[in-house]
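Here is what each chain is made of, one letter per residue.
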Amino acid sequence: MTGGTAIILGQVGDNFGAGMTGGMAFIYDKENNFENYVNSSSIIWQSVETDYWKEFLKNSLKDFVIETQSSFVKKILNDYEKELKYFKQVCPVEMLDKLDNPITPKPYIKKVS
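Criteria and thresholds
Residues numbered from 1 in each chain as written. Predicted model: local features only at pLDDT ≥ 70, side-chain atom pairs only at ≥ 80, totals over all residues. Heavy atoms only, no water. Helix = DSSP H or I, 4+ residues; strand = E, 2+ residues; numbered from the N terminus. Buried < 20%, exposed > 50% of the residue type's maximum accessible area, 1.4 Å probe, protein only. Contact = heavy atoms within 4.5 Å. Areas by Shrake-Rupley, 256 points an atom, 1.4 Å probe, with all protein chains shown as cover. Patch = residues over 30% accessible without salt bridge, like charges linked within 9 Å, V, L, I, M, F, W, Y side chains within 5 Å. Salt bridge = Lys/Arg side-chain N within 4 Å of Asp/Glu carboxyl O. Lys, Arg positive; Asp, Glu negative; His and termini not counted. Charge placed at Lys NZ, Arg CZ, Asp CG, Glu CD. Phe/Tyr/Trp six-rings, centres within 6.5 Å; stacked < 30°, edge-to-face > 60°. Core = buried A, V, L, I, M, F, W, Y, C linked by side-chain atoms within 4.5 Å.

Participant: Describe the overall build of the protein chain, listing the residues and the values that go with them.
Facilitator: Along the protein chain, the regular secondary structure elements total three helices and four strands. Each helix and strand of the protein chain, placed in order from N terminus to C terminus, yields the pattern β-β-β-α-α-α-β. For the protein chain, the proportion of its 113 residues judged to be buried stands at 36%. In the protein chain, the proportion of contacts linking residues at least 24 apart, taken out of those at least 6 apart, comes to 60%. Of the roughly 7000 Å² that the protein chain leaves accessible, carbon and sulfur atoms contribute 49%.

Below is the structure:
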(Lines give C-alpha, C1' and ligand atoms only; values in the text may rest on other atoms or scores of the structure.)
Protein backbone atom coordinates (compact mmCIF):
# COMPACT_ATOMS: atom_id res chain seq x y z
CA MET A 1 0.00 0.00 0.00
CA THR A 2 1.50 3.30 -1.04
CA GLY A 3 -1.39 5.70 -0.53
CA GLY A 4 -5.09 6.07 0.09
CA THR A 5 -7.18 4.52 2.82
CA ALA A 6 -8.26 0.94 3.40
CA ILE A 7 -10.97 -0.08 5.84
CA ILE A 8 -10.83 -3.81 6.47
CA LEU A 9 -13.86 -5.32 8.14
CA GLY A 10 -12.57 -8.85 8.50
CA GLN A 11 -9.50 -10.90 9.25
CA VAL A 12 -6.20 -9.82 7.72
CA GLY A 13 -3.60 -12.27 6.42
CA ASP A 14 -0.07 -12.97 7.55
CA ASN A 15 2.55 -10.25 7.14
CA PHE A 16 0.03 -7.41 7.07
CA GLY A 17 1.71 -4.09 6.42
CA ALA A 18 4.79 -5.46 4.67
CA GLY A 19 5.73 -2.89 2.06
CA MET A 20 3.23 -0.32 3.35
CA THR A 21 4.94 3.00 2.66
CA GLY A 22 1.98 5.34 2.62
CA GLY A 23 -1.70 5.61 3.24
CA MET A 24 -3.73 4.61 6.25
CA ALA A 25 -5.62 1.47 7.20
CA PHE A 26 -8.37 0.84 9.68
CA ILE A 27 -8.86 -2.77 10.77
CA TYR A 28 -12.03 -3.97 12.50
CA ASP A 29 -10.52 -6.41 14.99
CA LYS A 30 -13.30 -7.63 17.26
CA GLU A 31 -11.35 -10.83 18.04
CA ASN A 32 -8.33 -8.73 19.09
CA ASN A 33 -5.87 -10.87 17.17
CA PHE A 34 -4.56 -8.34 14.64
CA GLU A 35 -1.09 -8.35 16.22
CA ASN A 36 -0.69 -12.02 15.29
CA TYR A 37 -0.68 -11.14 11.58
CA VAL A 38 1.37 -7.95 11.47
CA ASN A 39 4.73 -7.21 9.92
CA SER A 40 5.80 -4.77 12.61
CA SER A 41 9.00 -3.61 10.96
CA SER A 42 7.45 -0.68 9.10
CA ILE A 43 4.04 0.12 10.62
CA ILE A 44 2.49 1.15 13.89
CA TRP A 45 -1.06 0.43 15.01
CA GLN A 46 -3.21 1.80 17.77
CA SER A 47 -6.77 2.61 18.71
CA VAL A 48 -8.38 5.47 16.80
CA GLU A 49 -7.51 8.35 19.14
CA THR A 50 -8.21 11.72 17.59
CA ASP A 51 -11.54 13.33 16.78
CA TYR A 52 -10.44 13.95 13.19
CA TRP A 53 -9.80 10.25 12.48
CA LYS A 54 -12.87 9.09 14.43
CA GLU A 55 -15.03 11.31 12.19
CA PHE A 56 -13.10 10.30 9.08
CA LEU A 57 -13.74 6.62 9.81
CA LYS A 58 -17.40 7.19 10.67
CA ASN A 59 -18.03 9.19 7.50
CA SER A 60 -16.22 6.59 5.39
CA LEU A 61 -18.39 3.85 6.88
CA LYS A 62 -21.52 5.92 6.18
CA ASP A 63 -20.45 6.30 2.55
CA PHE A 64 -19.91 2.55 2.37
CA VAL A 65 -23.44 1.89 3.64
CA ILE A 66 -24.87 4.26 1.03
CA GLU A 67 -23.00 2.39 -1.71
CA THR A 68 -23.53 -1.18 -0.48
CA GLN A 69 -26.45 -1.23 1.99
CA SER A 70 -24.20 -3.38 4.22
CA SER A 71 -26.17 -4.55 7.26
CA PHE A 72 -22.88 -5.39 9.01
CA VAL A 73 -21.62 -1.79 8.75
CA LYS A 74 -25.07 -0.44 9.68
CA LYS A 75 -24.75 -2.37 12.95
CA ILE A 76 -21.31 -0.85 13.55
CA LEU A 77 -22.66 2.65 12.91
CA ASN A 78 -25.72 2.13 15.11
CA ASP A 79 -23.41 1.71 18.11
CA TYR A 80 -20.37 3.53 16.77
CA GLU A 81 -18.94 4.74 20.08
CA LYS A 82 -18.92 1.18 21.43
CA GLU A 83 -17.72 -0.41 18.18
CA LEU A 84 -14.92 2.13 17.70
CA LYS A 85 -12.84 0.32 20.32
CA TYR A 86 -12.55 -2.67 17.95
CA PHE A 87 -10.82 -0.66 15.21
CA LYS A 88 -7.05 -0.47 14.87
CA GLN A 89 -5.57 2.45 12.98
CA VAL A 90 -2.48 1.48 11.00
CA CYS A 91 0.10 3.87 9.59
CA PRO A 92 3.60 3.44 8.15
CA VAL A 93 6.21 4.69 10.61
CA GLU A 94 7.81 6.82 7.90
CA MET A 95 4.53 8.76 7.48
CA LEU A 96 3.92 9.66 11.13
CA ASP A 97 5.67 13.03 11.00
CA LYS A 98 4.22 13.88 7.57
CA LEU A 99 0.48 13.60 8.31
CA ASP A 100 -1.63 16.75 8.10
CA ASN A 101 -3.79 15.24 10.85
CA PRO A 102 -1.72 13.32 13.41
CA ILE A 103 -3.07 9.97 14.55
CA THR A 104 -2.42 10.73 18.21
CA PRO A 105 -2.56 13.86 20.33
CA LYS A 106 0.85 12.87 21.74
CA PRO A 107 3.89 14.06 19.79
CA TYR A 108 5.65 11.39 17.76
CA ILE A 109 9.34 11.08 18.54
CA LYS A 110 11.45 9.29 15.94
CA LYS A 111 13.69 6.56 17.28
CA VAL A 112 17.27 7.02 16.19
CA SER A 113 19.28 3.84 15.68
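Participant: So, a negative patch on the surface: which residues are in play, and what are the values?
Facilitator: Taken together, the side chains of Asp51, Glu55, Asp79 and Glu81 make up a negatively charged region of the molecular surface. Inspection of the secondary structure puts Asp51 in helix 1 (residues 51–68).

Participant: Before we move on, can you summarise the packing of aromatic side chains with the specific residues and values?
Facilitator: Tallied over the entire structure, the rule returns 10 aromatic pairs. Considering the side-chain rings of Tyr28 and Phe72, the 5.6 Å spacing of their centres and the 85 degrees angle between planes classify their relative orientation as edge-to-face. You can see Tyr28 sitting in strand 2 (residues 22–28) and its partner Phe72 sitting in helix 2 (residues 71–78), a full 44 residues away along the chain. According to the relative accessible area criterion, Tyr28 is buried, its value standing at 8%. Residue Phe72 is classed as partly exposed on the basis of its relative accessible area, which comes to 38%. The interplanar angle of 90 degrees and the centroid separation of 4.8 Å between the aromatic rings of Tyr52 and Trp53 together place this pair among those described as edge-to-face. These aromatic residues form a ring-pair network of at least three members: Phe26, Tyr52, Trp53 and Phe56.

Participant: Describe the nonpolar core, naming the residues involved and giving the relevant values.
Facilitator: With 18 residues, the main nonpolar core has Phe26, Val48, Leu57, Leu61 and Phe87 as its most contacted residues. With four residues, the top contributor of residues to this core is helix 1. Core analysis: the next-biggest nonpolar cluster, separate from the first, contains nine residues, Val12, Ile27, Val38 and Val90 among them.

Purely geometric stuff here, so don't read any function into it on its own.
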